Amino acid sequence: MEKSDIKSLSVGELNAYLESIGQKKYRTAQIQDWLFKHQCSAFDQMKNLPASLVQRLDQDFDINPLTCSSQDVAEDGTIKWLFRTKDQFYIESVLLIAEDRHSICISTQVGCAMGCTFCRTAQMGFKRNLRVGEILEQFIQVNQYLKTQGKELSNIIFMGMGEPMNNFENFDRAARIFHDRRFFNLGKKRLTVSTSGLVDKIREVADRETPCHLAVSLNGTNDSMRSALMPINDRYPLEKLFEATDYYVEKTGNRITFEYILIKDITCTEQAANELIALTGRRRCKINAIVLNESENDMLVPPSDQEIEKFIAKIRSKEILIHIRRPRGRDIQAACGQLAIKQQKVA
Ligand code: SAH
Ligand code: SF4
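Given the structure is predicted, the values throughout are model-derived calculations rather than measurements.

Criteria and cut-off values
- Residues numbered from 1 in each chain as written.
- Chains lettered and ligands numbered in written order.
- Predicted model: local features only at pLDDT ≥ 70, side-chain atom pairs only at ≥ 80, totals over all residues.
- Heavy atoms only, no water.
- Helix = DSSP H or I, 4+ residues; strand = E, 2+ residues; numbered from the N terminus.
- Rg over C-alpha atoms; globule rule 2.2 N^0.38 Å.
- Buried < 20%, exposed > 50% of the residue type's maximum accessible area, 1.4 Å probe, protein only.
- Contact = heavy atoms within 4.5 Å.
- Areas by Shrake-Rupley, 256 points an atom, 1.4 Å probe, with all protein chains shown as cover.
- Lys, Arg positive; Asp, Glu negative; His and termini not counted.
- Charge placed at Lys NZ, Arg CZ, Asp CG, Glu CD.
- Axes fitted to C-alpha atoms, helices over the stretch in contact; angles between N-to-C directions.
- Parallel < 35°, antiparallel > 145°, perpendicular 65-115°, else oblique.
- Left-handed = near helix turned anticlockwise from the far one by under 90°.
- Nonpolar A, V, L, I, M, F, W, Y, C, P; charged D, E, K, R; others polar.
- Arc of directions from axis to C-beta.
- Core = buried A, V, L, I, M, F, W, Y, C linked by side-chain atoms within 4.5 Å.
- Phe/Tyr/Trp six-rings, centres within 6.5 Å; stacked < 30°, edge-to-face > 60°.
- Near = heavy atom within 4 Å.
- Polar contact = N/O pair within 3.5 Å; in protein donor to acceptor, adjacent residues only side chain to side chain.
- Patch = residues over 30% accessible without salt bridge, like charges linked within 9 Å, V, L, I, M, F, W, Y side chains within 5 Å.
- Salt bridge = Lys/Arg side-chain N within 4 Å of Asp/Glu carboxyl O.

**Quick word on the overall build of the protein chain**
Item 1. Helices and strands together make up the secondary structure of the protein chain, namely 12 helices and 14 strands.
Item 2. Taken over C-alpha atoms, the radius of gyration comes to 21 Å for the protein chain, in line with the 20 Å a tight globule of 347 residues would show.
Item 3. Each principal axis of the C-alpha distribution contributes one length, and for the protein chain these read about 70 × 40 × 35 Å.
Item 4. Counting across all 347 residues of the protein chain, residues that qualify as buried make up 55%.
Item 5. Taking the intrachain contacts of the protein chain between residues at least 6 apart in sequence as the baseline, contacts between residues at least 24 apart amount to 66%.
Item 6. Counting only carbon and sulfur atoms, one obtains 47% of the accessible surface of the protein chain, whose full area is about 15,900 Å².
Item 7. Put simply, the protein chain has 48 plus and 45 minus side-chain charges, and the middle of one group is 4 Å from the middle of the other.

**Brief notes about the packing of helix α11 (residues 270-280) against helix α12 (residues 305-316)**
Each packed pair of helices is defined by two parameters, the angle between the axes and the distance between the axes.
Item 1. Two numbers describe how α11 lies on α12: the axes approach to 10 Å, and their chain directions differ by 25°. It follows from the interaxial angle that α11 and α12 lie roughly parallel. Considering only the axes of α11 and α12, their crossing is right-handed. Contact with α11, carried on its side by E270, A272, A273, N274, L276 and I277, involves F311, K314 and I315 of α12 and no other residues of that element.
Item 2. For the contact of α11 with α12, a count of residues per class yields 6 nonpolar, 1 polar and 2 charged.

**Section: helix α3 (residues 51-60)**
Item 1. For α3, every residue scored as buried is listed here: L53, V54 and L57. Viewed along the axis of α3, the buried residues span an arc of 100°, placing them on a single side of the element. Among the exposed residues of α3, those pointing more than 90 degrees away from its buried face are A51, Q55 and Q59.
Item 2. Of the surrounding secondary structure, the elements contacted by the buried residues of α3 are α1 (11-20), α2 (26-37) and β2 (61-62).

**Details of the nonpolar core**
Item 1. By size, the foremost hydrophobic cluster in this structure holds 115 residues, and its most contacted members are I6, M46, L57, F178, F184 and F311.
Item 2. Here this core takes 7 residues from helix α5 (residues 132-147), the largest share from any one element.
Item 3. Setting aside chain neighbours within four positions, we find F178 in contact with I106, I135, L136, F139, I156, F158, F184, N185, L186 and L191.

**Some points on unusual backbone geometry**
Item 1. Phi is positive for N185, close to 60°, though the residue is something other than glycine.
Item 2. Overall, N185 belongs to the partly exposed group, its relative accessible area being 46%.
Item 3. Of note in the backbone geometry, E209 takes a positive phi value of approximately 55° without being a glycine.
Item 4. Tracing the backbone shows E209 in the loop between α7 (199-208) and β11 (213-217).

**Some words on the packing of aromatic side chains**
Item 1. Scanning the entire structure with this criterion turns up 12 aromatic pairs.
Item 2. Arranged with centres 5.3 Å apart and planes meeting at 80°, the rings of W81 and Y145 form a pair that is edge-to-face. One end of the pair, W81, is in strand β4 (residues 79-85); the other, Y145, is in helix α5, with 64 residues separating them in the sequence.
Item 3. Since its relative accessible area comes to 3%, W81 is described here as buried.
Item 4. With centroids separated by 5.1 Å and ring planes inclined at 85°, the aromatic side chains of F139 and F184 adopt a geometry described as edge-to-face. Here F139, found in helix α5, pairs with F184, found in the loop between α6 (168-179) and β10 (191-195); they are 45 residues apart in sequence, far enough to count as distant. For the pair shown, F139 and F184 are each scored as buried.

**As for the site of ligand 1**
Item 1. Residues in close proximity to ligand 1 total 20 residues, the closest being F118, S194, S217, N219 and N293.
Item 2. Separating an oxygen atom of ligand 1 from a side-chain N or O atom of N219 is a distance of 2.9 Å.
Item 3. Summarising the interface, the protein chains cover 95% of the accessible area of ligand 1, which totals 540 Å² for the free molecule.
Item 4. Put simply, the parts of the chain that give the shell around ligand 1 at least two residues each are β10, β12 (256-262) and β13 (285-291).

**Side note on a positive patch on the surface**
Item 1. A grouping of R101, R190, R255, R284 and K286 is seen on the molecular surface, where their side chains present a positively charged patch.
Item 2. Note that R284 resides in the loop between α11 and β13.
Item 3. Exposure remark for R284: the relative accessible area of 44% places this residue in the partly exposed category.

Remember that the coordinates give geometry; whether it matters functionally is a separate question.
Written as C-alpha cells, this is what we have:
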C-alpha cells in the first residue's frame, strides 16, 4: 500500500497520529521543524527524536512526495524541473534567477480545467489537485539545489500549472506554512498567487488574510474579448471580477496586480489600450504585461516590438504603472503558459 505523505498532514492530523502510537503531541512541532525549517530529506536526520519513533515514521510515511525526473537549463539561466508524483503524474516548477532574487514558479494542480485558449496547460485538461506536501516539496527540492551553490530561494509565485483558487484549501495551507516564521519564514510580499479570476475565492483570500500578494489574469478589456480568451469570463464577467478585486484592495490595503497578455490584433490594439486605461486608471493596481508565448493556438500571435512599445507608451501616458515581463526560459518551454506535459501516467 502507498504510504501517506507526512508533509501534507495538518497539525491536528499529526497530533492524532502521534497519540495513536502512544507518543506525545510536542513531537509534532519537532517533526514540522525538521520538515519545514531544516527541510531535511530523511527521517534519520531528525536528531532529537527517539530512534524508535524515527523508525516508525519511516515505516508509516513518505518524506519525499516528488521525485525529480529531469532538469532543463535555458540560455538565460532559467531552470525547469520535471517532478513525478507517487501516482506517476508529472508536474513542472521553474526557477527564475535575477540579480537580487531567486524565485520559484510553483504548480498547484496537474493540468488545469479553465480552458484558456492561449495556454498550453489547458490542453492537458485537469488531472488532479496537488496535495499540500507536493506544493511545499517543489520549493524544498529547488531550494536544496540552490543551497549547494550557497544560494537560497527568496520568492514564490503560484503561477505554474493549474488554477490555485481551484485548489484553495491546499494553496492556502501551503502559503501559511511558507509564511510561518517557525518554518520557511517568507514575508507576505515574497509570495504571489495568480488567478484567472474566481471571484468568490478572491474575496476569500481577502477575508482569510491568506499571506500573499494577489495577481489576476485580466487578459481582456471587454467581456466579448475576455470570454473568447478565457471561458471563466462567462461565469464571472468583468463587472463581477472588478467588484471582487476592489473588495480585495479595500479590505487588505494592498495594491493588486493585473496580468495582461499581449496578443497581436486582439489585446494589443489602440481600442484595447483605451479600454484598459478606463478599467485600471482609477484603481490601486499595477499591470504586468506578458507578451504571448508560443502556444497551442496558431490563430494567436505575439505583436511586433513596435506595436508593443506603442501600447505600453499609451498606458504609461496616463500614469498607470505597467511593467513588461520579459519571457524567461522560452527555449526550454518554461515561459508563462508553456508548461504542459505530454507524458502522463507512464511509469
Ligand atoms: N492559472 C493561473 C496561474 C497560472 S497561469 C492564472 O491563469 O492566472 C500564469 C500566467 O501565465 C497567467 O497570467 C496567464 O495569463 C499567463 N499565460 C498563460 N499562457 C500564456 C502564454 N501562452 N503566453 C503568455 N502568458 C501566458
Ligand atoms: Fe489554467 Fe491559468 Fe492556463 Fe488559464 S492561464 S488554462 S487558468 S493555468
